[in-house]
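Close look at the chain arrangement
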Amino acid sequence: MRYKLCSRISLVILAFVIVLPLATPALGAEGGLGRPLSGMQIAPFAGVIPPDPGFILATGETYYQGSIGGGRTVPIGGLLVANVDMKASFTPISLLYIWNTPTKTWNFASAATFPLAWLEVDASLSLGRFSVRKTDRVFGLYDLVFTPIVASHHFSQTDHLALSFTFWAPTGSYETGKLANLSLNNWTFIPGVAYTKILPKENIELTGIWNMLFYTENPATHYQSGIQSDLEALAIKRFKNGFGIGFVESWIQQATNDEGTVANALNGFVGRAFGIGPIVTYSTKLGKSDLELNARWIHDFDVSKAVEGDGFNFSASLKF
């Protein structure tokens, strides 16, 4: 029997592909700016692609505010700075297509994301024996994101696995000597896996994802960011009125050292970040289309060599 889901599930939001902010302050890496942000890559039903073919349009808004204090030295844009304060807003616009496949246990999708970003970075810059504060702001189109394939396997009505491959292209503007840029100026390749378990009697969803991020060298600064592991989980209890409430946890861990002259001077600049916070969801109909909304707040803790702060996200997707 072909796999079926209730209407709220059929409107999937794929964690590695759409909606959520994927180019945000994280840890380690050049400037403490990796691709993932604590608890923001995972999405409800991340392991599920429904069988019905068609397009899903998704967008969202994320605001993040954080800092790296304590006089810790951070490499940004070819500069060595300290006491970094950062504000960032990301608005990804994504289009996902679910392919028409005859299989009963596998479904496939592809996606592209166009993120708009606003960044403000303030940091201390050393000039000989003196230190001055420098502030940069920028707004525009960030690096583009492409997911050629997401493959979802349905073990049963309640157990689902998704395999994905995503890559970032360095399409945004980048200039050495600037604290705020619209690009990390590298290619980033992200294989990922997600698993969703549905408990129909309790109307509870359990989902987990694991992504590995591989960065190429930044040719402008010759900085090679290390491999990052991003492990996240969520649990959501849903109600008959369409609302759901739950929590998100995440652990982002740099697996290898950064490389390059600056990275070597900073002992590899290996970082980590943990995050936790609530998530609220709502599912409804908009005419004949399915509308899915969710909002979350994630607080960083036990952070090392990373921007530490709070992230807020609201996202929406419409299947048509």
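What you see is a predicted model; the values in this text were computed from it and never measured.

**Topic: the overall build of the protein chain**
Of the regular secondary structure elements, the protein chain holds two helices and 13 strands. Burial status across the protein chain gives 56% buried among its 320 residues. Nonlocal contacts in the protein chain, meaning residues at least 24 apart in sequence, comprise 67% of its contacts between residues at least 6 apart.

**Observations concerning the confidence of the model for the protein chain**
The pLDDT averaged across the protein chain works out to 86; a share of 88% of its residues lies at or above 70. Below a pLDDT of 50 lies the segment residues 1-28, which in the model reaches 157 contacts outside its immediate sequence neighbourhood of four places, other chains included.

**A look at the packing of aromatic side chains**
Counted by the stated rule, this structure contains 13 aromatic pairs. For the ring pair F90 and Y142, a centre distance of 5.7 Å and an interplane angle of 80° mean the geometry is edge-to-face. In this pair, F90 is assigned in strand β2 (residues 79-98) and Y142 in the loop between β4 (130-141) and β5 (144-154), connecting sequence segments 52 residues apart. Per residue, the accessibility class of F90 equals that of Y142, and both read buried. Put simply, the rings of F146, F165, F167, W187 and F189 pair up and form one aromatic cluster.

**Concerning the nonpolar core**
Residues V74, V81, V84, L119, Y142 and L179 are the most contacted members of the largest nonpolar core, which totals 50 residues. Elements that contribute at least two residues to this core include exactly β1 (54-76), β2, β3 (106-127), β5, β6 (159-169), β7 (188-199), β8 (204-215) and β9 (228-238). The greatest single-element share of this core, amounting to eight residues, is contributed by β2.

**Some remarks on the side chain of T207**
Note on placement: T207 falls in strand β8. A polar contact of 2.9 Å, which involves the side chain of T207, links it to the side chain of T196. In contact with T207, other than residues within four places in its own chain, are I42, A43, F45, A46, Y195, T196, E232, A233 and L234.

**Describing unusual backbone geometry**
Not every positive phi belongs to a glycine, and N185 is a case in point at roughly 60°. Despite not being glycine, N203 shows a phi value in the positive range, around 55°.

**A look at the pattern of salt bridges**
Under the criterion given, the structure shown has nine salt bridges. The salt bridge partner of R133 is D122, with a shortest N-O separation of 2.2 Å. Of this pair, R133 sits in strand β4 while D122 sits in strand β3, placing them eleven residues apart in sequence. Look at R133 and you get partly exposed, because its relative accessible area is 40%. Beyond isolated ion pairs, a larger network of salt bridges with shared partners links D85, D122 and R133.

**Quick word on the environment of G192**
Relative to the assigned elements, G192 resides in strand β7. Residue classification places G192 among the buried positions, given a relative accessible area of 11%. Separated by 27 residues in sequence, G192 and F165 have C-alpha atoms that sit 6.2 Å apart. With residues near it in sequence (within four places) discarded, G192 still touches A162, L163, S164, W210 and N211.

**As for the environment of W168**
Summarising the element assignment, W168 is placed in strand β6. The buried category is assigned to W168, whose relative accessible area is 1%. In this structure the C-alpha to C-alpha distance between W168 and L144, which are 24 residues apart in sequence, comes to 5.9 Å.

**As for the pairing of strand β10 (residues 243-254)**
Burial along β10 is one-sided: G244, G246, V248, S250, I252 and Q254 are buried, while F243, I245, F247, E249, W251 and Q253, pointing the other way, are not. Two strands pair when backbone bridges link them, and β9 and β10 are joined in this way by eleven bridges, in the antiparallel orientation. When the bridges of β10 are listed, A233 appears paired with E249. The turn linking β9 back onto β10 is made up of four residues, and G242 within it adopts a positive phi angle of 100°.

**Focus: the side chain of T196**
Along the chain, T196 falls in strand β7. Those residues within four positions of T196 in sequence are excluded, and the remaining contacts are F45, A46, G47, V48, T158, D159, H160, E205, L206 and T207.

**Considerations on the environment of S164**
As for its placement among the helices and strands, S164 is situated in strand β6. Taking the C-alpha atoms as reference points, S164 and V193, 29 residues apart in sequence, are found 6.3 Å from one another.

Conventions adopted
- Here the residue numbering is sequential within each chain, running from 1 through the sequence in written order.
- Given that the model is predicted, a residue must reach a pLDDT of at least 70 before its local features are reported, and side-chain atom pairs must reach 80 or more before they are shown or counted; all residues, however, enter totals for whole chains, interfaces and linings.
- Side-chain metrics in this entry use all non-hydrogen atoms of the structure; hydrogen atoms and water are not considered.
- Think of it this way: any DSSP run of H or I at least four residues long counts as a helix, any run of E at least two long counts as a strand, and we number them from the N terminus.
- The cut-offs for exposure are 20% and 50% of the maximum accessible area for each residue type, with area from a 1.4 Å probe on protein chains only; residues under the lower value are buried, those over the upper are exposed, and the others partly exposed.
- Every residue pair with non-hydrogen atoms within 4.5 Å of one another is taken to be in contact.
- pLDDT gives the predictor's per-residue confidence on a scale running from 0 to 100.
- Each aromatic pair joins two rings of Phe, Tyr and Trp (for Trp, the six-membered one) with centres within 6.5 Å, and gets the label stacked for planes under 30 degrees apart, edge-to-face for over 60, and tilted for any other angle.
- Remark: nonpolar core denotes a set of buried residues (Ala, Val, Leu, Ile, Met, Phe, Trp, Tyr, Cys) joined through side-chain atoms within 4.5 Å.
- Between N or O atoms, a polar contact is any pair within 3.5 Å; within protein, one atom must be a potential hydrogen donor and the other a potential acceptor, and residues adjacent in sequence are included only when both atoms are from side chains.
- Just to be clear on terms, a salt bridge is a Lys or Arg side-chain nitrogen sitting within 4 Å of an Asp or Glu carboxyl oxygen.
- Strands pair, by our definition, only if DSSP identifies at least two bridges between them.

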